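Results of the structural survey
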Amino acid sequence: MKRHAILIALSLCFTFAYAQTDKRLKGIDKKFESILETSKAPGFAIAIVEGDKIVYAKGFGYKDYENKVPADANTLYAIGSSTKAFTSALLGVLREQDKLSFDDSPIQHIPGFEFYNGDMNNNIIIKDLMRHSTGLPRHDGAWYFFPNKDKDTLIARMKYQEPFTGVRQQWYYNNFAFLLQGVITEKITGKSWEENIEETFFKPLGMNRSKTDLAGWESSDNIAIGYRLDENREIKKMDYYDISGMSPAGSINSSVNDMSKWIMLWLNKGKVGETQLLPEDYIKEASSSQMVVGAGYPSAELPGVQFANYGYGWFLQSYKGHYLVEHGGNIDGFSANVAFYPSDNMGIVVLTNQNGSAIPRLARSIAADHMLGVDKTDWAKKFKEDTEKAIEAQAKAEDGGKEDSNVKGTRPSHILLDYTGTYENKGYGKFDIVVENDTLFATLDDNRIYLHHHHYDTFELIDVTDGKVETSQIGDALKVTFSTNVAGDIENMRANIEPMTDAIVFKRTPNSIDVDADTLEQYVGLYDLMGTEIKSYIKDENVLYVFVPGQPEYELIPTAEHKFNFKVLEGFKVEFIEEAGKITSVKFIQPNGTFIGTKKED
């Protein structure tokens, strides 16, 4: 224990020495402390690299805000989408080994995989995955709200995910494209993406504290706790999000000291000592423009940003006349930015335990101003002014009241029980809706969600936290609308989860009930339907069927007492009629009408 404490003390001394011996960094600590205070972030860490050396590495604030445990340069944070450059780099290594070409179709390497349509299947190449040019929008709800730890299960959903434009027509960020890259590496190497990252990069680079999964994170020491700012700008703890199924898009956890080694690899043209770990031609290609993110002239607010392009897992832009390669990251409770300036042989990494934080961008810009010798912007002052303006604007908007979009006095078209069942979209996932105490609730990834009636058949999805409904979300939460079929049943639920496509439709399957053999037996027999004899019988171990001459037999799914749905026919139902304790007739309820058959005597 004492030796460990001495090592930490030495590390802090070295960090202090970095800052004090480089005259370019004079006064920088005070600026970092200023943005920490203004942003109300619990803490962050930053490292500055030049060539093959760390010239500055330090933690600010706390990794554990409640217990006031300081952050340092070895504290582990989730880096989110800053993971993406690692994933594409694996493909760069495999290309060098002649195991793939960036012009290959992903389908070549993943047996049975398909995209949404033939145009995508025929034209998307691996390079499109790396530079976000597939034509797909984000579809992030398909993994964030419907997580799955199996990568193959998640990529199978892509077959049902609709594009919003053609292949290579427009740049658009897509996390599934990076998941797909990770799965390609798994199929080629026979190893998991996690093993490939650790063996190809972490071990050779000496990134000994970095982890690729939640288990590694939880078994580590010196880890940060994630936080967010609530609506009152109070610091609140956030649960760690297990992104393991989507790991190639954003699961790495690391420290600024470890991530400095990753930046050095890029600054030194892919070499570690005399070893060419990452091909030099890949370094140049990945950090050069492969797709235009956004066209246009520099803005008045950011005149130094003169282009916005994308390489392979890297954003590209200019910063005050200097070429900047960077990628941010955000996952519940954490934000990150990893950047390097290849023409200046300098890089910066910033990691923070604040959700959706401006800290990574601000700290990177402050560090760049000092290291590049450009005119210094008072980023802390600017951020404070911008924040105050935003808070003031929000207060004015709240004083004016929220726009009330709901129609007063309306009611749902059905009783609440009729909305219950399992809802599924093959491109996203499935969830259940139940009634409890005259209230609708959804269960989604073990999370409980309250369905608050908005108007007609539209409801709002309100979080339930520690057993309490988050009533502050009412009016601002995601709205969903239920639709009926021609038979009058609730058929599906539509939600505007993906803004670039039409509403995502979740098909409803009514809840079934267990019915024992003795109960089913009362429905067995022959029924006369306007001269046509219809047979009802049991087979397949306690399953009721009906047979209409000239048609296939139909399996019935019990939904309530005496009520059944056809398993394969949407909007077709059967209801058996009981009189004086006996089944006397049957109703066939279908889109073109209701027909009654009388039960024949045995």
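To keep things clear, this report deals only with the structure shown in the data block. Residue numbering note: each chain is counted from 1, following its sequence as written. The model is predicted, so local features are restricted to residues of pLDDT at least 70 and side-chain atom pairs to those at 80 or more, both for listing and for counting; the totals for chains, interfaces and linings are taken over all residues. Note: side-chain values were computed over all heavy atoms of the structure, leaving out hydrogens and water.

With that settled, the discussion passes to the overall build of the protein chain. Elements are defined by DSSP. Helices are runs of H or I of four residues or more, strands are runs of E of two residues or more, and each kind is numbered from the N terminus. Of regular secondary structure, the protein chain possesses 17 helices and 32 strands. Each of the three principal axes of the protein chain carries a C-alpha extent, and together these read 100 × 60 × 55 Å. Burial classification: accessible surface area is computed with a 1.4 Å probe over protein chains only, and a residue below 20% of its type maximum counts as buried, one above 50% as exposed, and the rest as partly exposed. Here the protein chain, with 602 residues, has 50% of them falling under the buried criterion. Put simply, 57% of the contacts in the protein chain that link residues at least 6 apart link residues at least 24 apart. When checking whether two residues touch, look at their non-hydrogen atoms; a contact exists if any pair is within 4.5 Å.

This paragraph deals with the pattern of salt bridges. Put simply, a salt bridge is a Lys or Arg side-chain nitrogen that is within 4 Å of an Asp or Glu carboxyl oxygen. For the structure on display, the rule yields 26 salt bridges. Its salt-bridge partner being Arg24, residue Asp22 comes within 2.8 Å of it at the nearest N-O pair. Asp22 sits in the buried class, given a relative accessible area of 12%. Of the charged contacts, one joins Asp128 and Arg131 as a salt bridge, the two residues approaching to 3.3 Å between their closest N and O atoms. One end of the pair is Asp128 and the other is Arg131, both in helix α6 (residues 126–131) and three residues apart, which spans about a single turn. Assigned by exposure class, Asp128 and Arg131 land together as buried. Several salt bridges converge on common partners, so that one network encompasses Asp22, Arg24 and Glu50.

Where strand β25 (residues 525–529) and strand β26 (residues 532–539) come together, five bridges link them in antiparallel fashion. By the bridge assignment, Leu529 is partnered in β26 with Thr532. Strand pairing follows a simple DSSP-based rule, namely that at least 2 bridges must link the two strands. What sits between β25 and β26 in their antiparallel hairpin is a turn of two residues, with Met530 showing a positive phi close to 50 degrees. Bridging between β26 and strand β27 (residues 543–547) involves five bridges; their strand directions are antiparallel. Looking across to β27, one finds that Lys539 is bridged to Val543. Counted along the chain from β26 to the antiparallel partner β27, the turn is three residues long, and its residue Asp540 has a positive phi close to 55 degrees.

Two aromatic rings are characterised by how far apart their centres lie and by the angle between their planes. Two rings belonging to Phe, Tyr or Trp (six-membered ring only in the last case) form a pair when the distance between their centres is within 6.5 Å. Interplanar angles under 30 degrees mark stacking, angles over 60 mark edge-to-face geometry, and anything in between is tilted. Applying the stated criterion across every chain yields a total of 51 aromatic pairs. Geometrically, the ring pair formed by Phe102 and Tyr312 is edge-to-face, given 5.6 Å between the ring centres and 85 degrees between the ring planes. Here Phe102 is found in the loop between α3 (84–96) and α4 (106–109), whereas its partner Tyr312 is found in the loop between β11 (308–310) and β12 (315–319), with 210 residues between them in sequence. The same class applies to Phe102 as to Tyr312, namely buried. Cluster of aromatic residues (ring-pair linked, three or more members): Phe86, Phe102, Phe201, Phe202, Trp262, Trp266, Tyr282, Tyr312, Trp314 and Phe340. By the criterion adopted, a ring carries a charge over it if an Arg CZ or a Lys NZ lies within 6 Å of its centre and within 35 degrees of its normal. In this structure, Lys68 packs its charged tip against the face of Tyr65, placed 4.0 Å from the ring centre. Directly above the ring of Phe178 sits Lys84, whose terminal nitrogen or CZ lies 5.6 Å from the centroid.

Attention shifts here to the pairing of strand β13 (residues 322–331). By the criterion of burial, β13 is predominantly enclosed, with seven of the 10 residues buried. With five bridges joining them, β12 and β13 adopt antiparallel strand pairing. Considered in β13, the bridge of Ser318 is made with Tyr323. Connecting the antiparallel pair β12 and β13 is a turn made up of two residues, with Lys320 showing a positive phi of about 50 degrees. With seven bridges connecting them, β13 and strand β14 (residues 334–341) associate as antiparallel partners.

Further remarks concern unusual backbone geometry. Unusually for a residue other than glycine, Lys68 sits at a positive phi of about 50 degrees. The residue Lys68 is located in the loop between β2 (53–64) and β3 (69–70) in this model. Accessibility expressed as a relative area gives 41% for Lys68, which makes it partly exposed. Its identity as a non-glycine residue notwithstanding, Asp446 has a phi of 65 degrees, on the positive side. Structurally, Asp446 can be placed in the loop between β18 (439–444) and β19 (447–455).

The next point concerns the sheet that holds β11. Strand order across the open sheet formed by nine strands is β3-β2-β1-β15-β14-β13-β12-β11-β10, with antiparallel pairing between neighbours. With partners counted over all chains shown, the strands left at the sheet margins are β3 and β10 (291–292), one partner each. Sheet topology places strand β1 (residues 43–50) next to strand β15 (residues 346–352); seven bridges connect them, and they run antiparallel. Counterpart to Phe44 in the pairing with β15 is Thr352. Those strands touched by helix α13 (residues 256–267) are β1, β2, β14 and β15, and its axis lies near 150 degrees from that of β15. To define axes, lines are fitted to C-alpha atoms, for helices over the stretch in contact only, and angles between the resulting N-to-C directions are given on a 0 to 180 degree scale.

Glancing now at helix α10 (residues 193–205). One less than the number of residues in a helix, times 1.5 Å, gives the span that helix is expected to have. Between its terminal C-alpha atoms α10 stretches 17 Å, which fits the 18 Å expected from 13 residues at 1.5 Å a residue. The principal kink in α10, of about 35 degrees, is found at Glu199. Of the residues making up α10, those classed as buried are Trp193, Glu194, Asn196, Ile197, Thr200, Phe201, Phe202 and Leu205. Elements that come into contact with the buried residues of α10 comprise α3, α8 (151–156), α9 (175–189), α12 (247–250), α13 and β8 (271–272). Two axes define the bend at a residue: one fitted to the seven residues ending there, one fitted to the seven starting there, and the bend is the angle between them.

This part is about the sheet that holds strand β31 (residues 582–590). Spatial ordering of the closed barrel is given by β25-β26-β27-β28-β29-β30-β31-β32, a layout of eight strands whose pairing is antiparallel. Each adjacent strand pair in this sheet contributes to an overall mean axis angle of 35 degrees, direction not counted.

Bringing the nonpolar core into the picture now. With 103 residues, the main nonpolar core has Phe86, Phe201, Trp262, Trp266 and Phe482 as its most contacted residues. When residues of this core are assigned to their parent elements, the largest contribution, eight residues, is made by α13. Once residues lying within four places of it in the same chain are set aside, the contact partners of Phe86 are Ile79, Ile197, Phe201, Phe202, Met207, Ile252, Met259 and Trp262. The next biggest cluster of nonpolar side chains, apart from the first, holds 32 residues, and it includes Leu36, Ala339, Ala358 and Ile366. Residues grouped as a nonpolar core are buried Ala, Val, Leu, Ile, Met, Phe, Trp, Tyr and Cys residues, joined through side-chain atoms within 4.5 Å.

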